[in-house]
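# Understanding the architecture of this molecule
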Amino acid sequence: MSLDVTRELEEGSAERATLVTTEIGPAGPDQDEKWIHLQFSWSGKPFILDIAESDRVYDLKASLMSLTNVPPERQKILGLVKGKLPNDEGRIGDLKLLSGKKFTLVGTPEGHEIKDPHELEFLPDVVNDLDVDFSANPAAAAEYINDQRNRRRVEQHTKKLQPTLINPLREGKRLLVLDIDYTILDTKPLTSGALPPNECARPGLHEFLEAVYPYYDICIWSQTSWIWLETKLVELGMLGGVRSYRIAFVLDKTCMFTVFSMRDGQPYKHSVKALQIIWNHFPQYGAQNTIHIDDLGRNFALNPGEGLKISAFKNAHTQAATADRELAKLGRYLLHIASTHPDFRKANHSKWKDVVKSLPPAS
């Protein structure tokens, strides 16, 4: 969910959801969070929650779900605002709420089973729909990066994440953050069992990783759950295999969170992979030596300069897919910038294919 929620379950007290605020960078006067204290009742029980003005209606619904197990689509919020509650992207500050405001929640809960964090985030499994190119609009990208809510969410997810190193990080290496679904793998035939795992992998996968490994530590970051992600990596031979590369660490969708941006002039809600979460845990990496490969440009919303969008790999059984050479080209680009760019911030990853075309033919 979008809020960092704690529960007080003492008998006779109201359950309380509290948003924890920690600034990522130095806080200026315009960065100070303002909080609204709300009280609501549901099913005859009193609840208390504090929410930031920089949060969205989406975050309010997430907090209500965390306390009551009533999913957003079943929530009816009465008495909070006059008229209809704005859409998910609406800012809490724009609702002009006063601390102490009381309202009523009506809705049937899903049940009382324990919720995983990624379920409370309402993050969908991978859906490769219409995308957004954040590198094309630096001003808009800067707004998302500096958004109070997004900065706080990065800090919250940094605290929540307890990364486990599968293999040691190596001194002086760059960091390659690599998506899996439709970037290096055609997921559909693998999940359905229509094709064996090795035939679902993008052509040249292992050769690509072996080529870049001397220069890059490798992180896999997928928008799926850890159980399914681990299965994919083992079946592909990327974990526990005999190849001459090693995966340093793996992140799943619980390390992602929802942001609100614009697409074609309309509000657009989507999840994001914020590299700052990794950098906060491993400060030897930063914008100067990290590159993120993904088939979805929207995942770069908070790091457009570090993102490289690759064409999606689908229909693995077709002749066109077996002739795919995207990873071979990508490998050449990564080796090129590793040897020519001490600081990746001076590279324009959106032109990566043009760079590869300009390189001498591969021997």
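Described in the following lines is the structure provided in the data block. (Residues numbered from 1 in each chain as written. Predicted model: local features only at pLDDT ≥ 70, side-chain atom pairs only at ≥ 80, totals over all residues. Heavy atoms only, no water.)

## Examining the pattern of salt bridges
Opposite charge on two side chains lets them pair, provided their charged atoms get close. Evaluated as defined, the whole model comprises 14 salt bridges. Between D179 and K273 there is a salt bridge, with the nearest N and O atoms lying 3.0 Å from each other. Remark: K273 occurs in the loop between strand 10 (266-272) and helix 9 (275-281) and D179 occurs in the loop between strand 6 (174-178) and helix 5 (187-192); sequence separation between them is 94 residues. You can call D179 buried: its relative accessible area is 4%. Between R202 and D324 there is a salt bridge, with its nearest N and O atoms 3.1 Å apart. Of this pair, R202 sits in the loop between helix 6 (197-200) and helix 7 (205-212) while D324 sits in the loop between helix 10 (319-322) and helix 11 (326-340); the two residues are 122 residues apart in sequence, bridging distant segments of the chain. D324 carries the same exposure label as R202, and that label is buried. (Salt bridge = Lys/Arg side-chain N within 4 Å of Asp/Glu carboxyl O. Helix = DSSP H or I, 4+ residues; strand = E, 2+ residues; numbered from the N terminus. Buried < 20%, exposed > 50% of the residue type's maximum accessible area, 1.4 Å probe, protein only.)

## Some details on the side chain of E306
You can see E306 is positioned in the loop between strand 11 (290-294) and strand 12 (307-309). Of the side chains with opposite charge, R345 lies nearest to the buried E306, which makes no salt bridge, at 6.6 Å. (Lys, Arg positive; Asp, Glu negative; His and termini not counted.)

## Things to note about the pairing of strand 7 (residues 216-221)
Among the six residues of strand 7, six are classified as buried, and the element is accordingly described as predominantly covered. Here strand 7 shows two buried faces, one formed by Y216, I218 and I220 and the other by D217, C219 and W221. Strand direction decides the pairing type here: strand 6 and strand 7, joined by five bridges, are parallel. Directly across from V177, in strand 7, lies its bridge partner C219. Looking at chain direction, strand 7 and strand 8 (residues 249-251) are connected through three bridges and run parallel. Each bridged residue has a counterpart across the sheet, and for W221 the counterpart in strand 8 is L251. Handedness of the crossover joining strand 7 and strand 8 through helix 8 (residues 226-235): right-handed. (Pairing = 2+ DSSP bridges. Right-handed = clockwise from strand over helix to strand, strands pointing away.)

## A closer look at helix 7
Of the positions making up helix 7, those classed as buried are L205, H206, F208, L209 and V212. End-on view of helix 7: buried residues confined to an arc of 160°, all on one side of the axis. Among the structural elements, strand 6, strand 7 and helix 11 are those in contact with the buried residues of helix 7. (Arc of directions from axis to C-beta. Contact = heavy atoms within 4.5 Å.)

## Brief notes about the sheet that holds strand 11
Spatially, 8-7-6-11-12 is the arrangement adopted by the five strands of the open sheet, whose pairing is parallel. At either margin of the open sheet sits one strand with a lone partner, and together these are strand 8 and strand 12. Here the average twist between neighbouring strands, direction ignored, is 25°. Pairing between strand 11 and strand 12: three bridges, direction parallel. In the sheet register, I293 faces strand 12, and the bridge partner there is L308. Helix 7 rests against strand 6 and strand 7 of the sheet, and its axis sits at about 160° to strand 6. Set on the sheet, helix 8 makes contact with strand 7 and strand 8; between it and strand 8 the angle comes to about 135°. (Axes fitted to C-alpha atoms, helices over the stretch in contact; angles between N-to-C directions.)

## Focus on the packing of helix 7 against helix 11
The description of two packed helices rests on the angle between their axes and on the distance between the axes. As a packed pair, helix 7 and helix 11 sit with axes 9 Å apart at the nearest point and diverge in direction by 5°. Here helix 11 runs roughly parallel to helix 7, going by the angle between their axes. In this structure, helix 7 contributes L205, F208, A211 and V212 to the contact, and helix 11 contributes L327, L330, G331, L334 and L335. Class assignment for the residues of the contact of helix 7 with helix 11 results in eight nonpolar, one polar and no charged. (Parallel < 35°, antiparallel > 145°, perpendicular 65-115°, else oblique. Nonpolar A, V, L, I, M, F, W, Y, C, P; charged D, E, K, R; others polar.)

## Some words on the nonpolar core
Membership of the largest hydrophobic core comes to 42 residues, with the highest contact counts inside it found for I220, M238, I291 and L334. Where this core is concerned, the elements lending two or more residues are strand 6, helix 7, strand 7, helix 8, strand 11, helix 11 and helix 12 (352-358). With residues near it in sequence (within four places) discarded, M238 still touches I184, L205, H206, L209, I220, L233, Y245 and I247. (Core = buried A, V, L, I, M, F, W, Y, C linked by side-chain atoms within 4.5 Å.)

Worth remembering: the numbers are spatial, not functional.
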